[in-house]
Structures are given as C-alpha cells and as structure tokens.
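Residue-level structural notes
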Amino acid sequence: MNKISLMQRRILLLLHILFASIMLGVQVVFIILALTASVTDSGSVLQACYYIMKLLATSSVRVSTIGTTITGILLSVWTSWGLFRYYWIIAKEVLTLLAIGIGLYGLYEWTLHGLNHIDADGLSAWSAASFNVNHISLWIGIIIQTVSLIAMFILSIWKPGGKRKSRI
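Residues numbered from 1 in each chain as written. Predicted model: local features only at pLDDT ≥ 70, side-chain atom pairs only at ≥ 80, totals over all residues. Heavy atoms only, no water.

**What about the packing of aromatic side chains?**
The tally for this structure, following the rule as stated, stands at 3 aromatic pairs. Each ring, one from Tyr-50 and one from Phe-131, has its centre 5.5 Å from the other, and the planes form 50 degrees; the classification is tilted. You can see Tyr-50 sitting in helix H2 (residues 43-58) and its partner Phe-131 sitting in helix H5 (residues 129-158), a full 81 residues away along the chain. Geometrically, the ring pair formed by Trp-81 and Tyr-86 is edge-to-face, given 5.3 Å between the ring centres and 70 degrees between the ring planes. (Phe/Tyr/Trp six-rings, centres within 6.5 Å; stacked < 30°, edge-to-face > 60°. Helix = DSSP H or I, 4+ residues; strand = E, 2+ residues; numbered from the N terminus.)

Written out as structure tokens, the structure reads:
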C-alpha cells in the first residue's frame, strides 16, 4: 500500500480529530440531556430531552462515528502505524467496536423506546417500569460510551504498550 504525503496525512489527521471531537461533544450533550430528563418535573421537558437525544443519535452520532472510524482506518493503513503493529492501536480498535455498537445502535434504540413511552403529559412515563429500565440502560450506554471515548483520546496521546513483536 502506498503511503500518503505529509500534507495528506495532516488533513486526514485533522478530519479524524474533528470527528472524534464531535463524538465527545455529543456525549457531553447526551449527559446533560439525560441528567435533565432524570430530574425534571415537566413532561414537555422530558419529551424534548428524549426527542433531542433521538435527533442527535440519528445525525451527529452516526456521522461522527462513521467519520472517525473511516479516518482512523485510513490513517492506520496509509501511514507507518498499521492496523495491528501497536498495542494502543489494537486497544483503540476494540473500543471503536464498542463505540460503534453503543453509538449507532444503542443510543438510537434507547431514545426511541423512551419516546414511545412518553405520552402527551410526559410524566406518566416514569410510572412505567419499562421506561425506568430503558432510562437506566440509556444512562449505562452514555457512561460506557463516554469512558471509552476518553480512553481512546488517552491512548492516542500516550500510546502505551509499545510495538508488538513481529512473528517470523
């Protein structure tokens, strides 16, 4: 595989960092909205929080997850890093699979199920056990997603573990 020029590498790295930053920013918004939904006494606020989370799950989460994954793979393949040469890259790949599952599927499904439980006044949703289980699942997904994204940022900066020994 041909390597890319320094300018192409910088542009690809810039895109990768931008997509990853969008992912982390959206996670912060999810935390704020889920926290607001957890403590509100207003049915319309509860409904709005879930609606915004669903909107983000179908737009920003998907685009940033796909963009970060594609640019990360291209950076690995088109530079000297490789896909499996370094332990920190392998760890990021595992965390990326987790982020794809939670980001593309989990957050969307949990917000969609939450919206389906919210009726016109919104507050009766809290009396349904399935809504509470769904809200807790959403929180668990948000926490796992946020921790995995922060871990990926840390791995990118410190690059722990070094290079894998090559097999002959």
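**Observations regarding the confidence of the model for the protein**
Looking at the protein as a whole, its pLDDT mean stands at 93, while 95% of the residues score no less than 70. Averaged pLDDT values over the elements of the protein bottom out at 94 in helix H4 (residues 87-117) and peak at 97 in helix H1 (residues 6-39). (pLDDT = per-residue confidence, 0-100.)

**Details of the packing of H1 against H2**
For any two helices packed against each other, one specifies the inter-axial angle together with the distance between the axes. Direction vectors running N to C along H1 and H2 enclose 160 degrees, while the axes themselves pass 9 Å from each other. Taken together, the axes of H1 and H2 are roughly antiparallel relative to one another. For the element pair H1 and H2, the recorded crossing hand is left-handed. Of H2, the residues touching H1 (which contributes Val-26, Val-29, Phe-30, Leu-33, Ala-34, Thr-36 and Ala-37) are Val-45, Leu-46, Cys-49, Tyr-50, Ile-52, Met-53, Leu-56 and Ala-57. Among the residues making up the contact of H1 with H2, the classes are represented as 14 nonpolar, 1 polar and no charged. (Axes fitted to C-alpha atoms, helices over the stretch in contact; angles between N-to-C directions. Parallel < 35°, antiparallel > 145°, perpendicular 65-115°, else oblique. Left-handed = near helix turned anticlockwise from the far one by under 90°. Contact = heavy atoms within 4.5 Å. Nonpolar A, V, L, I, M, F, W, Y, C, P; charged D, E, K, R; others polar.)

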